[in-house]
Amino acid sequence: MRPAEGRAQKDLEVGRAEAGGLTVTVEEGLAAVRGLESGALTLWGNAPAFHVRTVAAAGAPEWWTLRVRNAMPDAELVAVEDGAGEPLAFEVGPSLVPTEKVWRVRLRPGAGARLTVAPPGWDEARPFRFAALADVQEALPKVGDIYARMNEDPSLRFIFFAGDLTERGTQEQLEEFQERLTASRIPLYATLGNHETYSGGDTAYHALVGRGSHHFGFQGVRFTMVDSADGTVDPRVEEQFDTWLEEARGAVHVVGMHIAPLEPVGVRNGSFSSRNEAAGLVGKMARAGVDLTLYGHVHSYYAFSNAGIPAFISGGGGAIPERFDGVGRHYLAVEVDPSAGVRDVALVRVD
């Protein structure tokens, strides 16, 4: 009755680790801990800005190398020791990959610290543009041409990915996805799709990418990803979603999930298993003032409305196409303004 219950529990474990004399907690689980050993911490970011709490044991090293993969290219590190001033931190040097950042930071043994990884002005309300994409799956070997097209647009800040990164969700496929993502000049923040559940429990996804359901802010706009990979939302996730809807009330709010609650055509199983659940969730988003919903799963393009909320299905990442629209491979370029809402959602054809 709760097919996503295990994933909802795993979400709560993302961003927590203890090894090498350091205890690490990523606030809100917005980054996955990819490696932790004495003097070295590696994270995979799943939001443009996030905070990390650390507590160093008495015998821990004083200097640590912090490596953040899937970071904003202009991200900076601000490290503040609990109850003290700002510890010393500096960037090691430019990386060959724009979305990888490396710093050396002093974490005093026996003390705690808060590390913030974010670009300058991330918490200032300003208009910006981002890309929306979903459903790469078996087209993983050729996804680079989509990244190349995105790279031609310097205004795009990140990719908002609505699930189905790979065909089977295995560790090998997810690692390949992340390796190919280095061709992109901007990071990709994702939720998982039904294809990430095929490998037997999506353990690899949580370890390599992070949470299936999460919430973050950037330049005055709120973003929420909801795990709907089973055509339903787990009650634990829906409770979190209620909190995120309330936090975003009055702000511009973009919500993404893989399977749409209600899809506009109905010629295939492209929406929730329960229409009652779907209607309830859409009504909840409408009452909370959600400004835009972005979905995948259907390998095509649709622009429609649910309860007055602009909605888009953009499954053009390369998976076997459903050519009801004749669009083919594509992504969306979305312009948002924290003071004016969603200004534009443009379809960008790749082939």
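Note that the structure is predicted; figures quoted are calculated from it, not measured.

K.L.:
Honestly, the overall build of the protein in this entry has me stumped. Any pointers?
P.N.:
Along the backbone of the protein there are six helices and 21 strands. Since a compact globule built from 351 residues should have a radius of gyration of about 20 Å, the 20 Å found for the protein is in line with a globular shape. Along the first, second and third principal axes, the C-alpha atoms of the protein reach 60 × 45 × 40 Å. Residues classed as buried in the protein amount to 56% of the 351 residues present. For the protein, restricting intrachain contacts to residue pairs at least 6 apart in sequence, the fraction spanning at least 24 positions comes to 71%. Total accessible area on the protein stands at roughly 13600 Å², and carbon and sulfur atoms take up 49% of it.

K.L.:
Please clarify how the layout of surface pockets should be interpreted in this entry.
P.N.:
Empty space among the atoms becomes visible once a probe the size of a water molecule is rolled across them. Reported here for the largest pocket is a volume of approximately 340 Å³. Around the largest pocket, the lining comprises 21 residues; the ones closest to its centre are Leu30, His215, Phe216, Gly217 and Arg222. Contributions of two or more residues to the lining of the largest pocket are made by β5 (50–56), β14 (214–218), β15 (221–226) and α5 (235–247). Looking at which element gives the most residues to the lining of the largest pocket, the answer is β14, with four residues.

K.L.:
I keep staring at the sheet that holds strand β1 (residues 16–19) and nothing clicks. Help me out?
P.N.:
Where strands meet in a sheet, backbone hydrogen bonds hold them as pairs that are either parallel or antiparallel. Taking strand neighbours across the sheet as the criterion, the five strands line up as β1-β2-β5-β10-β7 in an open arrangement whose pairing is antiparallel. Single-partner strands in this sheet number two, and they are β1 and β7 (76–81). If you compare each strand with its neighbour and ignore which way they point, the axes differ by 20° on average. Inspection of the sheet shows strand β2 (residues 22–26) paired to β5 by five bridges, in the antiparallel sense. Residue Thr23 lies in a different strand from β5, and its bridge partner there is Val55.

K.L.:
Even after reading the chapter, I still don't get the pairing of β5, so can you show me in this structure?
P.N.:
Each regular strand carries side chains that alternate between the two faces of the sheet. Burial analysis of β5 places five of its seven residues in the buried class, which makes it a mostly covered element. As paired strands, β5 and strand β10 (residues 112–118) are joined by six bridges and run antiparallel to one another. Within the sheet, the bridge partner assigned to Val52 lies in β10 and is Leu115.

K.L.:
In this structure, what is going on with empty space enclosed by the protein? I would like to understand it.
P.N.:
Within the structure shown, the criterion is met by two cavities of 30 Å³ or more. As a volume, the largest cavity reaches approximately 40 Å³. Around the largest cavity, the lining residues are Trp44, Asn46, Leu165, Phe177, Gln178, Leu188, Ala190 and Val209. Of all the secondary-structure elements, those providing two or more residues to the lining of the largest cavity are α3 (171–180) and β13 (188–191). Taken together, the residues of the lining of the largest cavity break down into six nonpolar, two polar and no charged. Empty space within the second largest cavity amounts to approximately 40 Å³. Mapped by element, the contributors of at least two residues to the lining of the second largest cavity are β11 (128–133), β12 (156–162) and β17 (292–295). Residues that form the lining of the second largest cavity fall into these classes: eight nonpolar, one polar and no charged.

K.L.:
I would appreciate a short explanation of the pairing of strand β3 (residues 31–37) in the present structure.
P.N.:
Note that β3 and strand β4 (residues 40–45) share six bridges and pair antiparallel. Note on β4: the bridge partner recorded for Ala31 is Gly45. Between the antiparallel neighbours β3 and β4 lie two residues, among them Gly39 with a positive phi of about 85°.

K.L.:
What's the story with the domain arrangement of the protein in this structure? I'm lost.
P.N.:
A common measure of how large an interface is: the accessible area buried when the components associate. Parsing the protein into structural domains produces domain 1 (5–118) and domain 2 (128–349). Each of domain 1 and domain 2 has a C-alpha centre, and these two points are 26 Å apart. Listed by partner, the interface residues are 28 residues for domain 1 and 36 residues for domain 2. When the buried area of domain 1 at its contact with domain 2 is split by residue, Arg7, Asp11 and Asn46 rank highest and sum to 26% of it. Linking domain 1 with domain 2 are three salt bridges. For Arg157, the salt bridge goes to Asp74, with nearest N and O atoms at 3.2 Å.

K.L.:
Please explain helix α6 (residues 275–288) as it appears in this structure.
P.N.:
Every α-helical turn comprises 3.6 residues, leaving residues that sit three or four positions apart pointing alike. Here α6 spans 20 Å end to end across 14 residues, near enough to the 20 Å set by a 1.5 Å rise per residue. Of all the residues in α6, the buried ones are Ala278, Leu281, Val282, Gly283, Lys284, Met285 and Ala288. On its buried side, α6 packs onto α5, β16 (252–257), β17, β18 (301–306) and β19 (309–314). The backbone nitrogen of Asn276 has a side-chain oxygen 3.4 Å away, supplied by the residue at the start of α6, namely Ser274. Backbone geometry just after α6 places Gly289 at a positive phi near 80°.

K.L.:
Explain unusual backbone geometry to me, please; I cannot follow it from the model alone.
P.N.:
For residues other than glycine, phi is negative in most cases, and the peptide bonds are mostly trans. Even without being a glycine, Asn70 presents a positive backbone phi close to 60°. Within the secondary structure layout, Asn70 lies in the loop between β6 (63–69) and β7. The exposure class assigned to Asn70 is buried, which follows from its relative accessible area of 3%.

Analysis parameters
Residues numbered from 1 in each chain as written. Predicted model: local features only at pLDDT ≥ 70, side-chain atom pairs only at ≥ 80, totals over all residues. Heavy atoms only, no water. Helix = DSSP H or I, 4+ residues; strand = E, 2+ residues; numbered from the N terminus. Rg over C-alpha atoms; globule rule 2.2 N^0.38 Å. Buried < 20%, exposed > 50% of the residue type's maximum accessible area, 1.4 Å probe, protein only. Contact = heavy atoms within 4.5 Å. Areas by Shrake-Rupley, 256 points an atom, 1.4 Å probe, with all protein chains shown as cover. 1 Å grid on protein atoms, 1.4 Å probe; cavity = no way out; pocket = protein on both sides within 12 Å on 5 of 7 lines; lining within 4 Å. Points joined across faces, edges and corners; volume = space filled by probe spheres on them. Pairing = 2+ DSSP bridges. Axes fitted to C-alpha atoms, helices over the stretch in contact; angles between N-to-C directions. Nonpolar A, V, L, I, M, F, W, Y, C, P; charged D, E, K, R; others polar. Domains from an automatic or database assignment. Buried area = accessible area lost by both parts, 1.4 Å probe. Salt bridge = Lys/Arg side-chain N within 4 Å of Asp/Glu carboxyl O. Expected span 1.5 Å × (residues − 1). Polar contact = N/O pair within 3.5 Å; in protein donor to acceptor, adjacent residues only side chain to side chain.

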